[in-house]
Amino acid sequence: GQSLEQPSEVTAVEGAIVQINCTYQTSGFYGLSWYQQHDGGAPTFLSYNALDGLEETGRFSSFLSRSDSYGYLLLQELQMKDSASYFCAVLQGGKLIFGQGTELSVKP
Amino acid sequence: DTAVSQTPKYLVTQMGNDKSIKCEQNLGHDTMYWYKQDSKKFLKIMFSYNNKELIINETVPNRFSPKSPDKAHLNLHINSLELGDSAVYFCASSQILPNSQETQYFGPGTRLLVL
């Protein structure tokens, strides 16, 4: 089977840095993805890590450690518009398995 | 130019009714999906089609029947709606590559409320 665990909610202030962790258990692993979903909106792709290390895209970075079955999404210079749910996901048997999502609240 | 579109956006109906949701993608992708997102935001795959062929069929009641008339369209028909079917249903598409991650593009969702 497969499972992903991430915190249910995180709160941070504008301008801060926040890290959302994800641990996974899968049989077979092809990489870790992150998706963002605003309230009432659709999930949108943020990043993907197939290999160990850090991938940076603007204010967002994603990290993967395959030996630890662990990854995280790092959001820097937080803005109010970053308030959303963030999902990690792994590919298993041709389908994306999503974590339960982390609700990020950015306060002024 | 909408990449993945769904209709309707909102659907309110009575228990026992039959309803359909339509999805279209103009990205030229080979694979399309239906997901269900419950009130706790848990996102779970229901079905996946690749070039009009069903490739993933999760444990979904057989009241749910997907249909793909061509690779750009994937519809979902639900018979005898139940209260527990209330959720947001997302369509998605991707260009699938064997044993590698692919980006999935989601439609705006259909908010189904069964009364």
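Predicted model, so just to flag it, every value in this text is computed and none were measured.

### Brief notes about unusual backbone geometry
Residue and element names in this part refer to chain B. Residues Thr7 and Pro8 are joined by a peptide bond in cis, for which omega reads -5°. Even without a glycine there, the phi angle at Ser80 is positive, about 45°. With respect to the helices and strands, the residue Ser80 is situated in the loop between strand S8 (73-78) and strand S9 (87-94).

### Looking at the interface of chain A and chain B
How big an interface is tends to be stated in terms of accessible area lost as the parts join. Listed per partner, the contact involves 23 residues of chain A and 21 residues of chain B. Between chain A and chain B, roughly 1900 Å² of surface is buried when both sides are summed, and carbon and sulfur atoms account for 53% of that area. Among the residues chain A hides against chain B, the three largest losses belong to Pro43, Lys95 and Phe98 of chain A. Together they make up 25% of the total. There are 2 salt bridges connecting chain A and chain B. The salt bridge involving Glu58 of chain B is made with Lys95 of chain A; its shortest N-O contact spans 2.5 Å. Linking chain A with chain B are 6 residue pairs in polar contact (both at pLDDT 80 or more), by the criterion used here. Elements with a minimum of two residues in the side of chain A that touches chain B: strand S4 (32-37), strand S5 (44-49), strand S9 (84-92) and strand S10 (95-98) of chain A. Considering every element that reaches the side of chain A that touches chain B, the biggest residue donor is S9 of chain A, with 4 residues. When the residues that make up the side of chain A that touches chain B are grouped by side-chain class, the tally is 11 nonpolar, 9 polar and 3 charged.

About the cut-offs
Residues numbered from 1 in each chain as written. Chains lettered and ligands numbered in written order. Predicted model: local features only at pLDDT ≥ 70, side-chain atom pairs only at ≥ 80, totals over all residues. Heavy atoms only, no water. Helix = DSSP H or I, 4+ residues; strand = E, 2+ residues; numbered from the N terminus. Contact = heavy atoms within 4.5 Å. Buried area = accessible area lost by both parts, 1.4 Å probe. Salt bridge = Lys/Arg side-chain N within 4 Å of Asp/Glu carboxyl O. Polar contact = N/O pair within 3.5 Å; in protein donor to acceptor, adjacent residues only side chain to side chain. Nonpolar A, V, L, I, M, F, W, Y, C, P; charged D, E, K, R; others polar.

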